[in-house]
Structures are given as structure tokens and as C-alpha cells.
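Working through the structure, step by step
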Amino acid sequence: MTTTETQQSSPTTVDLTRRRDELTARLAELQWDLGGLLYEMATRNHIRVDVLVRRAAVLQEVDGELGEVERILRMEETGAAGQCASCSAPHSSGAAYCWQCGQPLLEHVPSHAIGA
Ligand SMILES: [Zn+2]
């Protein structure tokens, strides 16, 4: 166990995490809405497909954005986990060389962090 394992988040990650939470909540709300709407229509035996399709399109849009945000977050999580093999300095996902000792970082990327 290491004590240097910090869950340090960059501002973008924090932003995206918040956005993901917002989208997750909105998606649940839309799904709930759509289900309720369909139920209302069904009990009145009058299904308005055009209304449902419009609602579903909004839901799909939110779902798509949520997927994209989650994809970026996953990339940031795996990418930001880097640590210099020579001096143990943490580095950001895009760094090619250690800011502290100048060692190239890309060779030291652990293979289990790729394609996770
Ligand atoms: Zn280093």
C-alpha cells in the first residue's frame, strides 16, 4: 500500500464529474417522465407517438452526451494515473517527459492501464 496514491482531480475532471452527475440525474428524470407519459396515454387508450418520439429524442441526446462525458472521464482516470519511474513524480496524461527529472514517460506506461 502506498500513501502517495492521491485522488487529485484536475479542474476539467471536476467539471466533467459534475456534468456527469447532472446528466445522470437528467436522464433518470427523462426516463421517469417518458414512462409516466406513456402510462398516462395508455390508460387513456390514446398513444401520441409523435410526442413520445420527441421526448425520446431529447432522452437520447442526453444519453449520448453522458456517454461522451463518461468516455472522457475514463480516459482522464487512466491517463492521469502516471508516475515517473525514475523519481516518482506524478505527471499529467499528456506529458511525454517528466517535469522533474526529464526522463521520457511514455515507455513507462504500464500495459494494464491501456485498453482498460
Ligand atoms: Zn522523473
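Above this text sits the structure in question.
Below you will find a few notes about this structure. (Residues numbered from 1 in each chain as written. Predicted model: local features only at pLDDT ≥ 70, side-chain atom pairs only at ≥ 80, totals over all residues.)

1. Considerations on the overall build of the protein
Here is the rule we go by: What counts as a helix is a DSSP run of H or I of at least four residues, what counts as a strand is a run of E of at least two, and both are numbered from the N terminus. Exposure classification rests on a simple neighbour count of other C-beta atoms within 10 Å of a residue's own: a residue reaching 20 or more is buried, one at 12 or fewer is exposed, and one in between is partly exposed. C-beta atoms are placed from the backbone. What counts as a contact here is a pair of residues whose C-beta atoms, placed from the backbone, lie within 7 Å.
Looking only at helices and strands, one finds two helices and zero strands in the protein. Across the 116 residues in the protein, those meeting the buried criterion constitute 4%. Put simply, of all contacts in the protein between residues at least 6 apart along the chain, 41% involve residues at least 24 apart.

2. Side note on unusual backbone geometry
Of note in this structure, N45 is not a glycine but carries a positive phi near 55°. Counting through the fold element by element, N45 comes out in the loop between α1 (11-43) and α2 (49-79).

3. Let's talk about the environment of D21
Assignment of secondary structure puts D21 in helix α1. Overall, D21 belongs to the exposed group, with 11 C-beta atoms counted inside 10 Å. C-alpha separation for the pair D21 and L66, spaced 45 residues apart in sequence, amounts to 9.0 Å.

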